[in-house]
Amino acid sequence: MPTPSPDASDIDRIRARLAASPRPADLAARRARVDALGANYPLPDDVHVQPAKARDVPAEWTATPEADRDRVILFLHGGGYVSGSLASHRHMVAQAGREAGTRTLALAYRLAPEHPYPSAIGDALAGYRFLLEAGFAPERIALAGESAGGGLAVATALSLRARGMPLPGCLWLSSPWTDLALTGGSLDTKAAVDPLISRAYLTELATAYLNGADPRDPLVSPIQADLAGLPPTLIQVGSAETLLDDALRLAGVAAAADVAVALEVWPHMIHAWHLFYPEVAAGRRSLASAGRFIRARLDGASGA
C-alpha cells in the first residue's frame, strides 16, 4: 500500500476538528465560528499590528521588522461575503506579509446581508485608493483575497480597469469563489472531502450577497468576465475543495485573455487551508510560494 502523505495526515486532523464543530444556523454564531478558525492562533512576537481607517473602511496594518515599507499586500478576507473579519485572518495575513517581505493592509469590508453587492467592491476600491493616496506606487501593491475575497479581488481589479485607474502589480487569489451561479462540477464531486464549503451553504451565501443581482454578473462571477489587461496572477487551490473548478476555470479564462497566470493545485488541501498553516505543512509551503510570487512581481520581474 502507498505510504500516507504527511500533508494528508495534517489536513485530516483539521477536517476532523471541523466535523466535530458543525456550522450553526444563527448568523452571529456563524460569524463567531469563522473568526475562531484563525483568532485562536497567536501572532509571533515580532509582528506589529496597527489599526487603521482606509478612508471610511476599518482596516489593519501588519508588518515584521524585515518588511519593505514601500510594498504592501492589500488583503480581502474570505467568509462568503457574510462573515470573516480582521481577526479571522490576521495570523495568515501577517505570515503572507513575512513571506513576501511587505507590509499588509487587511480590510474589514462591509458584509451581507446587511450590506449586499456592490458594497464590498466599493470598500475594496476605497482601500486601494487609500494606498495610492498614502504614496504607494500601484506596481508595489499586491491585491490579494481568499475565497469570496479572491473573487472580490478580481472584481476590484476589473473595477479599477473600468475606471482607468492604475492596476496593482499582481493578484494573489487563494481558494477563490468565482462563480456565484454555482455551476462548477466540483461542488458535487468534492462534497464528501471538503468540510468547510457545500453547495447548500454557498446557495445561502450567494442569495444574501446578490440580493437579487444577476449571479452571472462579471463583478460577482469573474469567470464571466473579460480579464484582458489584468496583472500577473497567482491562483492557489486545494484538490479537495468544492471550489476547485472555480479556480481551474478562472485560470483558463485568464489564460485565454493573455493574463500571465500561475495555477497551483495543492494535493489533499481543503478550502482555505492557508488559515491552518501553523498546523499544516502545506499551508506553510503555499504561503511561502505566494510570498515568492509577490516578491518577484513587485520587484518588476516579467512572466508568470
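Note: the structure precedes this text.
In this report, we go over the structure that sits alongside the text.

Conventions adopted
Residues numbered from 1 in each chain as written. Predicted model: local features only at pLDDT ≥ 70, side-chain atom pairs only at ≥ 80, totals over all residues. Heavy atoms only, no water. Bend = angle between axes of the 7 residues up to and from the residue. Helix = DSSP H or I, 4+ residues; strand = E, 2+ residues; numbered from the N terminus. Buried < 20%, exposed > 50% of the residue type's maximum accessible area, 1.4 Å probe, protein only. Polar contact = N/O pair within 3.5 Å; in protein donor to acceptor, adjacent residues only side chain to side chain. Phe/Tyr/Trp six-rings, centres within 6.5 Å; stacked < 30°, edge-to-face > 60°. Core = buried A, V, L, I, M, F, W, Y, C linked by side-chain atoms within 4.5 Å. Contact = heavy atoms within 4.5 Å. Pairing = 2+ DSSP bridges. Axes fitted to C-alpha atoms, helices over the stretch in contact; angles between N-to-C directions. Right-handed = clockwise from strand over helix to strand, strands pointing away.

1. Looking at helix α3 (residues 86–100)
- Maximal helix bending in α3 amounts to about 30°, located at M92.
- For α3, the tally of buried residues reaches eleven of 15 residues, placing the bulk of the element in the interior.
- The backbone nitrogen of A87 lies 3.1 Å from a side-chain oxygen of the residue at the head of α3, namely S85.
- Taken from the residues just after α3, G101 is the one with a positive phi, measuring 70°.

2. Here's the deal with the packing of aromatic side chains
- Going through the model one piece at a time under the given rule, you end up with seven aromatic pairs.
- When the centroid spacing of 6.3 Å and the interplanar angle of 50° are considered together, the rings of F75 and W172 count as tilted. Here F75, found in strand β3 (residues 68–76), pairs with W172, found in strand β6 (residues 170–174); they are 97 residues apart in sequence, far enough to count as distant. Just as F75 is buried, W172 falls in that class too.
- Judged by centre distance (5.9 Å) and plane angle (70°), the ring pair of Y117 and Y209 falls under edge-to-face. Of this pair, Y117 sits in the loop between β4 (102–107) and α4 (119–133) while Y209 sits in helix α7 (residues 199–210), and the two are 92 residues apart along the sequence. Note on accessibility: Y117 and Y209 belong to one class, buried.
- One aromatic cluster is present, built from ring pairs that chain together Y81, Y117, W177 and Y209.

3. Some words on the nonpolar core
- Membership of the largest hydrophobic core comes to 100 residues, with the highest contact counts inside it found for W172, W177, L227 and F276.
- The residues contacting W177, other than those within four sequence positions of it, are G80, Y81, S147, A148, G151, L182, L202, L205, A206, L243 and D246.

4. Observations regarding the sheet that holds β4
- The sheet built from eight strands is open, its strands ordered β1-β2-β4-β3-β5-β6-β7-β8 with mixed pairing. The open sheet has two edge strands, β1 (48–54) and β8 (261–266), and neither has a second partner. Each strand of the sheet is rotated relative to its neighbour by a mean of 20°, with strand direction disregarded.
- In terms of strand pairing, β3 meets strand β5 (residues 141–146) through five bridges, oriented parallel. Paired with I73 across the bridge in β5 is A142.
- Packed on one face of the sheet, helix α5 (residues 148–162) meets β3, β5 and β6 and runs near 140° to β5.

5. Some words on the pairing of β4
- Counting buried positions along β4 gives six out of six residues, so the element sits mostly inside the fold.
- Bridge analysis of strand β2 (residues 57–63) against β4 gives four bridges, and the strand direction is antiparallel. In the sheet register, T62 faces β4, and the bridge partner there is T104.
- Between β3 and its parallel partner β4, the chain crosses via α3, and the hand of that crossover is right-handed.

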